[in-house]
Amino acid sequence: MASAEKKALTAEQRAAQAEKRALLRADTFTNAPKVSRDTLTREEREEIAKHAKEEREEAEKLTKTSRSPIGRWWRKVQASPDKVSLGMAIVALGVVYGDIGTSPLYTSQTFIAGQGGLAKIDRPAVLGMLSLIFWTLLLITTVKYVLVAMHADNKGEGGIFALFSLVRRYGKWLVVPAMVGGAAFLADSVLTPAVSISSAVEGLQTIPAFTHAFEENTSLTLMITIVIIVVLFSVQARGTESIGKVFGSVVLVWFAFLALVGIVNLSGDWTIFEAINPVYGVEFLFSSHNVAGLSLMGTVFLSTTGAEALYSDMGHVGRGNIYFTWPFINVALVLNYFGQGAWMLNNRGDKSLANVTVNPFFQMMSPNVRYVGVILSVAAGVIASQALITGAFTMVSEATGLNWMPHLQVRYPSRTRGQLYIPTVNVVLCVATLTVLAIFKDSEHISAAYGLALTITMLATTILLTTYVWHHHHRVGAVCFFALFVTTDSLFFVASMAKFLHGGWFTMLLTAMILLIMITWNDGTKIERSQRRHMKPRDFKPALAKLHDDFRIPYFADNIVYLTSDSELRRLDTDIFFSIFADHPKRARAWWAVSVVTTDEPFTREYSVENFGTDYIFRVRIRLGFKVSQSIPAYIHQVMHDLSASGELPEQKSVYPKVDADPDIGTVRYVLVHKALMPESKITGREALSLKMKYAIRHVAGSPVKWFGLAPYNPVAEVQPLFVSTRRPPRLKRVEFRKPVRRKPTSPQVADSESAKQARDASRQAPAKAPNELAGPSARTSA
């Protein structure tokens, strides 16, 4: 009997297992979000081993060379943030110096045009121009940026936003120059690719073999420029390291070519180096022979337009590699400018060169060398654009960290975190650059807008750097620094304002638009943060415990996962709490609040959990390296399995098939909470506009659903009111509702009957009278 019951029970179990397998057979058609047993992939282990080997070999070399004083100094340098490597030095050439390397193409040409032609230029004019260029390169680029600004780095990152992060605690007003300067730099990043590449491509017209083709098709230059720009932005996803190595080799050849051409032309007149004396520059600037007047400083400014990009790209290549390469770059630029000056002095009497638009850069080359010069200039124009594009990525990333711009998806194609790529910014820059080309057509019109915004950035950087130096116990140096560079930057700005009506308005318009985005996002974030509250365990545990055990409410899901930006594990955001209880309470077997933190290491994969002494409330912080893909669903399932195996999470089993095909974990619903402004909110019109614009920008920027890989799992997007203080509207006054009486036209007999009926109805509704009131006056008297 017992054996029969046992066989029957076994048959029931087998039937139940067969039914379960049949139900879950559909799971074989999907892929579960699983993780491997290893915390590193094979490629990552190989890359780490390769990196460790390189460091070990470098350490061995330093040990061998550390016996001499120079060797000990070199070992100390390699152990500091100023570390130098040959590979990254080549990358620095390609990423950092492209913009400043193209300035010899048009600076002297602009100077000649401003003075009325080569025939009207004498020796004092040439020496004055060269003197101003030499001291501008020395003071602005070498002293201000290379020697001073690069010491004001924020964890290796440079740029005006990184500088602001260092000095923001010294005054709230510093946000003004930081925002204005950053917006101006980003606006100039749109114009630089357009003007650099188009001016370089136009150089192809000077090659005799191509002249006929350009004459037949006047739009050929524009078409070639568009193709180059589209290709350039398309390869950004591969990272600046791979691009920089290719570009770096080209830039090395380019600057060597600049120096060589300059030296060849210097052989005719070595006395040109008298221009190193600053007196020549000051005398010519205020001389009556200076036809351009103060606007000459706008021309001189073109020689140093890449200085700000040099500072902002510091995080891509490292400060030490810029220190190592800048002397070579500076010498090559000076030699080329002075070579152009010597050529101008030797050929100012040539009537065949009386054309105002003569370009000394190409004219000082022999016809055969000019082919090489034009080809290299086209490559240099592309590289100049690269310098500004990478700088824009860095600036936007830093603005996001300051909550001045929306959080965007950031990728790190190479091992160095500073070499980042932001797809949204890349697309916006590409479209904006093509728009500039469509509006201005050629470099002559684009250059009218070029450089004006950058003078604003340099002036703002001076203010922030002065604050930094002042609060680092160098107050005398801060005063001298401020006096010198505010004067020079202001001269550049006033001189560049001459471009405003000729195209500078477009740059200022772009600056204003970017600044508006920063201001509205910053204001909106401040308003939201002023209303943000966090709950301690004693505040949220009782309510969640009661909901968890309330069997009258059906489960919304077995697991409800909220993504939050708050990485503190000992509290809960009120947005999550009220989302659980909003409308119909979201009952679950477990609630999860998950935050994702990106680390400075490339391959970090770790997590921490706080359960508040329960088995149904979990705060999870996932730390991922900057090169690790943020596959949140897979990591969430791993955490659930780990907690289930340790007994911290009660066992969950799936009965029916589901998308994630994980039968050992119950259903999972992801919830994202967005804020919305209430109509009665007690805020100003400007604040309301800031919030509305912020939400509109966030909608355009994209949702974290895509970044975290949640789209296939049907996440729930909720909107909660922003709990700002509200105005109390006046109380409503209740009025009596009176039902209208319908009157129909009737005959006189009917009217009499209606009157009688109304009288009877009135007598019924009238209050009953006392007996003495029913009698007449005589009755009351007798009583």
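Please read all numbers here as calculations on a predicted model, not as lab measurements.

**Overview of the packing of helix H8 (residues 160–167) against helix H9 (residues 175–202)**
Okay, step 1: Interhelical geometry of H8 versus H9 gives an angle of 170° and a closest axis separation of 9 Å. Taken together, the axis directions place H8 and H9 in an arrangement best described as roughly antiparallel. Note on element contacts: H9 touches H8 through Val-175, Pro-177, Ala-178, Gly-181 and Gly-182, opposite Ile-160, Phe-161 and Phe-164.
Okay, step 2: Here the residues of the contact of H8 with H9 sort into six nonpolar, two polar and no charged.

**As for the sheet that holds strand E2 (residues 555–563)**
By definition, the strands of a sheet pair up through backbone hydrogen bonds, in either a parallel or an antiparallel sense.
Okay, step 1: The strand order across the open sheet built from six strands is E5-E6-E4-E2-E7-E8, with neighbouring strands paired in mixed fashion. Edge positions in the open sheet fall to strand E5 (605–610) and strand E8 (716–721), since each of these has one partner strand only. This sheet shows a mean twist of 30° between the axes of neighbouring strands, independent of strand direction.
Okay, step 2: For E2 and strand E7 (residues 668–676), the ladder comprises four bridges, and the chain directions are parallel.

**Quick look at H8**
Okay, step 1: Across the eight residues of H8, seven count as buried, placing the element largely inside the fold.
Okay, step 2: Where H8 is concerned, the buried positions are Ile-160, Phe-161, Ala-162, Leu-163, Phe-164, Leu-166 and Val-167.
Okay, step 3: On its buried face, H8 sits against H9, helix H15 (307–312), helix H19 (367–401), helix H22 (452–470) and helix H24 (504–531).

**Structural notes on the pairing of E8**
Okay, step 1: On E8, burial follows the alternation: Val-716, Glu-718 and Gln-720 on one face are buried, whereas Ala-717, Val-719 and Pro-721 on the facing-out side are not.
Okay, step 2: As judged from the six bridges shared by E7 and E8, these two strands associate in the parallel manner. Residue pairing for E8: His-674 is matched across the bridge by Val-719.

**Considerations on the confidence of the model for the chain**
Okay, step 1: Taken residue by residue, the chain gives an average pLDDT of 78. The fraction at 70 or more is 78%.
Okay, step 2: Element-level mean pLDDT values for the chain span from 37 in helix H32 (residues 777–782) up to 91 in helix H7 (residues 123–148).
Okay, step 3: pLDDT under 50 marks residues 765–783. Its contacts with residues more than four places away, or in other chains, come to three contacts.

**Things to note about the pattern of salt bridges**
Okay, step 1: Enumeration over the complete set of coordinates arrives at seven salt bridges.
Okay, step 2: The residue Glu-568 makes a salt bridge to Arg-570 at a minimum N-O spacing of 2.9 Å.
Okay, step 3: You can call Glu-568 partly exposed: its relative accessible area is 27%.
Okay, step 4: By relative accessible area, Arg-570 is classed as exposed at 61%.
Okay, step 5: A salt bridge links Arg-623 to Glu-606; the nearest nitrogen and oxygen atoms lie 2.2 Å apart. One end of the pair, Arg-623, is in strand E6 (residues 617–625); the other, Glu-606, is in strand E5, with 17 residues separating them in the sequence.
Okay, step 6: Exposure remark for Arg-623: the relative accessible area of 30% places this residue in the partly exposed category.

**Details of the nonpolar core**
Okay, step 1: Residues Tyr-97, Phe-111, Trp-254, Phe-255, Trp-404 and Met-518 are the most contacted members of the largest nonpolar core, which totals 146 residues.
Okay, step 2: Tallying contributions element by element places H19 first for this core, with 14 residues.
Okay, step 3: When neighbours within four sequence positions are excluded, Trp-404 is seen to be in contact with Phe-161, Phe-164, Val-175, Ala-178, Met-179, Ala-399, Ile-517, Met-518, Trp-521 and Asn-522.
Okay, step 4: Judged by nonpolar contacts, the second largest core, of 22 residues, contains Leu-563, Leu-643, Ile-665 and Tyr-670.

What counts and what doesn't
Residues numbered from 1 in each chain as written. Predicted model: local features only at pLDDT ≥ 70, side-chain atom pairs only at ≥ 80, totals over all residues. Heavy atoms only, no water. Axes fitted to C-alpha atoms, helices over the stretch in contact; angles between N-to-C directions. Helix = DSSP H or I, 4+ residues; strand = E, 2+ residues; numbered from the N terminus. Parallel < 35°, antiparallel > 145°, perpendicular 65-115°, else oblique. Contact = heavy atoms within 4.5 Å. Nonpolar A, V, L, I, M, F, W, Y, C, P; charged D, E, K, R; others polar. Pairing = 2+ DSSP bridges. Buried < 20%, exposed > 50% of the residue type's maximum accessible area, 1.4 Å probe, protein only. pLDDT = per-residue confidence, 0-100. Salt bridge = Lys/Arg side-chain N within 4 Å of Asp/Glu carboxyl O. Core = buried A, V, L, I, M, F, W, Y, C linked by side-chain atoms within 4.5 Å.

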